Structure formats: C-alpha cells, structure tokens
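# Chains, contacts and geometry: an overview
The chain contents come next:
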Amino acid sequence: MKKLLITFISIVTTITIAFADDLQTAKDNFSKYVYAANNYSPKLLKYYSPNAKIIRQVVKPDGSTANATTDMATYATQMKISQGTAKLRNYKNKYKNVTATRVANGIKVEALRQPMDDKYWLKTYQIWQKQHDGNWIIIEEMMQTKQQIFLRYADK
C-alpha cells in the first residue's frame, strides 16, 4: 500500500510540474512575442499557426464591443504592410497582468495591453498550443482596439 501511495504521489507531482512548466513556457513565449512585435522582427509571423484565428474586438464609444475575425493569411498581409509605418513611428505596446491558464486546446495567455501614447488598457489573449515537434504556436489571438475602422470588418 505504501508503495502504491508513493507511486501515485510521484505521478501527480510529475503531472503538476509538467502543467506548471507548460504555463510558464506559454508565458515565456508570449514575452518573446511581445519583444519581437515591439522590435518589428520579420520573424513575428513564425509565432502563429498558418490556420490561426485572429480576432480584433472593437470597443465602441458606448463601451459595447464587436468582433472582426480574419484568417491568418489576411492578417499576415496586413501586418507586413503596417509594420513599416509602426517602425517609423516607433510604435510599441505595453502589457501588464499577464496570466496563463490551461484551456481545452492549449494555454491561454491573457493580459492588458496599452497602445503607445494611450492612457487606457485593453484586453488581449492568445491561445498557445504545443506542437508534436515541441514548438509552441499561437492558434488564436484576440486584441481589443478602439480603432473604429475595424467595424467595417465586424462579424455579422
């Protein structure tokens, strides 16, 4: 009985450590992503799955929200175009309150994002998924924005 209990405790401890390691790995990858984004790295797109779901949640002046969802190919094209202007402006985002939790399809990293020169903080999350080769990629991303122009792409 004692051997069985020790084996059970060992297995639970190993699983707990693995889950904790995954949470920390996802947070570490998020930090690397933020660094790459704020430094206009051409490698930024490597963090995403080719099938990633990209959501821009528009915060309207009345506080309500609308989601504009796009595919990764469209987002990659938009990112490449906007990255040049962002670099010229030295545009950067700040993040705080970064947390990671396990969800059905990976690790959800949530944070508050402050766009450059703004006083407010917006919600964001990314779902990171570990691949068979051990690499981690973003399979879903949601960022709130107050840019009302995205409403033209809002889901109907």
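An account of the accompanying structure is given in this report. (Residues numbered from 1 in each chain as written. Predicted model: local features only at pLDDT ≥ 70, side-chain atom pairs only at ≥ 80, totals over all residues. Heavy atoms only, no water.)

On to the pattern of salt bridges. As a working rule, side chains carrying opposite charge can pair if their charged atoms are close by. In total, this model carries two salt bridges according to the counting rule given. With a shortest N-O distance of 3.2 Å, Arg102 and Asp22 are connected by a salt bridge. In this pair, Arg102 sits in strand S3 (residues 93-103) while Asp22 sits in helix H1 (residues 2-38), placing the two residues 80 residues apart along the sequence. Exposure remark for Asp22: the relative accessible area of 18% places this residue in the buried category. A salt bridge links Glu141 to Arg56; the nearest nitrogen and oxygen atoms lie 2.8 Å apart. Residue Glu141 is located in strand S6 (residues 136-145), and its partner Arg56 is located in strand S1 (residues 48-59); the two are separated by 85 residues in the primary sequence. Just as Glu141 is buried, Arg56 falls in that class too. (Salt bridge = Lys/Arg side-chain N within 4 Å of Asp/Glu carboxyl O. Helix = DSSP H or I, 4+ residues; strand = E, 2+ residues; numbered from the N terminus. Buried < 20%, exposed > 50% of the residue type's maximum accessible area, 1.4 Å probe, protein only.)

Let's shift gears to the sheet that holds strand S4 (residues 106-115). Across the sheet, six strands lie side by side as S2-S1-S6-S5-S4-S3; this open sheet has mixed pairing. Every other strand in the sheet has two partners, leaving strand S2 (65-71) and S3 as the edge strands with one partner each. Along the sheet, successive strands turn relative to each other by an average axial angle of 20°, direction set aside. In this structure, S1 lies alongside S6, joined through seven bridges in parallel fashion. (Pairing = 2+ DSSP bridges. Axes fitted to C-alpha atoms, helices over the stretch in contact; angles between N-to-C directions.)

Before going further, it helps to examine the packing of aromatic side chains. Applying the stated criterion across every chain yields a total of six aromatic pairs. An angle of 90° between the planes, with centres 6.1 Å apart, marks the rings of Tyr33 and Tyr47 as edge-to-face. In this pair, Tyr33 is assigned in helix H1 and Tyr47 in the loop between H1 and S1, connecting sequence segments 14 residues apart. Residues Tyr33 and Tyr47 agree in their burial class; the two are buried. With a centroid separation of 6.0 Å and 80° between ring planes, the pair formed by Tyr33 and Tyr48 is classed as edge-to-face. Linking Tyr33 in helix H1 with Tyr48 in strand S1, this pair joins segments that are 15 residues apart in sequence. For Tyr33, a relative accessible area of 4% gives the class buried. A relative accessible area of 6% places Tyr48 in the buried class. The structure contains a cluster of three or more aromatic residues connected by ring pairs, namely Phe30, Tyr33, Tyr47, Tyr48, Tyr75, Tyr95 and Trp128. Of note, Lys46 hangs over the ring of Tyr47, and the distance from its end group to the ring centre comes to 4.3 Å. (Phe/Tyr/Trp six-rings, centres within 6.5 Å; stacked < 30°, edge-to-face > 60°. Lys NZ or Arg CZ within 6 Å of the ring centre and 35° of its normal.)

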